[in-house]
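Coordinates in review
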Amino acid sequence: AYAVKTSNFDIDGTGRREIEFKIELYHDANYTQQLKKHEYPLRVDTGERVYVKAVVHGDNSRMSVWVDRCTATPNPDPEAVTKHSLIVNGCPCDETIQYHNSTVEVEQRFSFESFRFNSAPAAVGYLHCYIDVCRADNKESRCSKGLDICPK
């Protein structure tokens with residue numbers, strides 16, 4: 001089972017904007033059936049695909065996103081000693097990661113095969129993702145480079 005927590009941030013600069021960073025889970029590869037609040041934590045069998053969307057809501061018309069880091073832990077602590085890395089430095093490090101196309105720059109979609117922690121086989125797994133938010137028109141940004149800079 002997987003649990004997700006979302007974050008809100010206020011960004012000061014030229015004006016004030018409220019931006020919400022969300023990690024959303026979906027039942028399907030088409031990203032049409034988002035989990036409802038009452039469906040958390042997501043219960044899946046080992047090896048079943050978990051569909052994830054990282055998205056920025058708010059004044060996001062000039063932004064793009066890229067997941068920089070994503071780990072799973074057997075407890076709510078993102079710095080837990082027991083963890084499984086899915087994405088590190090914007091690159092997949094779990095062999096089951098698959099990226100799925102999106103038509104908008106303010107979201108990134110990926111999936112992975114679910115697993116269980118040996119230390120807590122019946123426990124809930126917590127997903128912790130960190131998102132890079134970039135200017136959409138900056139072709140040198142991490143968001144624009146995508147998987148091109150990942151080791152093959």
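So, a few notes on the structure that sits alongside this text. All figures in this text were calculated on a predicted structure; none of them were measured in a lab. (Residues numbered from 1 in each chain as written. Predicted model: local features only at pLDDT ≥ 70, side-chain atom pairs only at ≥ 80, totals over all residues. Heavy atoms only, no water.)

Turning next to the pattern of salt bridges. Evaluation of the coordinates by the stated rule reveals 7 salt bridges. Here Glu24 ties to Lys22 by a salt bridge, and the two come within 3.9 Å at their closest N and O atoms. Judged by its relative accessible area of 5%, Glu24 falls in the buried class. Residue Lys22 is classed as partly exposed on the basis of its relative accessible area of 21%. For Lys145, the salt bridge goes to Glu140, with nearest N and O atoms at 4.0 Å. Owing to a relative accessible area of 32%, Lys145 belongs among the partly exposed residues under this scheme. (Salt bridge = Lys/Arg side-chain N within 4 Å of Asp/Glu carboxyl O. Buried < 20%, exposed > 50% of the residue type's maximum accessible area, 1.4 Å probe, protein only.)

Attention now moves to the side chain of Arg49. By the secondary structure assignment, Arg49 is in strand E4 (residues 49-58). Separated by 2.4 Å, the side chain of Arg49 and the backbone oxygen of Thr96 make a polar contact. Polar side-chain contacts of Arg49 include one of 2.9 Å to the side chain of Ser111. What Arg49 contacts, discounting residues up to four positions off in sequence, is Thr96, Ile97, Gln98, Ser111, Phe112 and Glu113. (Helix = DSSP H or I, 4+ residues; strand = E, 2+ residues; numbered from the N terminus. Polar contact = N/O pair within 3.5 Å; in protein donor to acceptor, adjacent residues only side chain to side chain. Contact = heavy atoms within 4.5 Å.)

Such coordinate-based values are descriptive only and should not be taken to indicate function.
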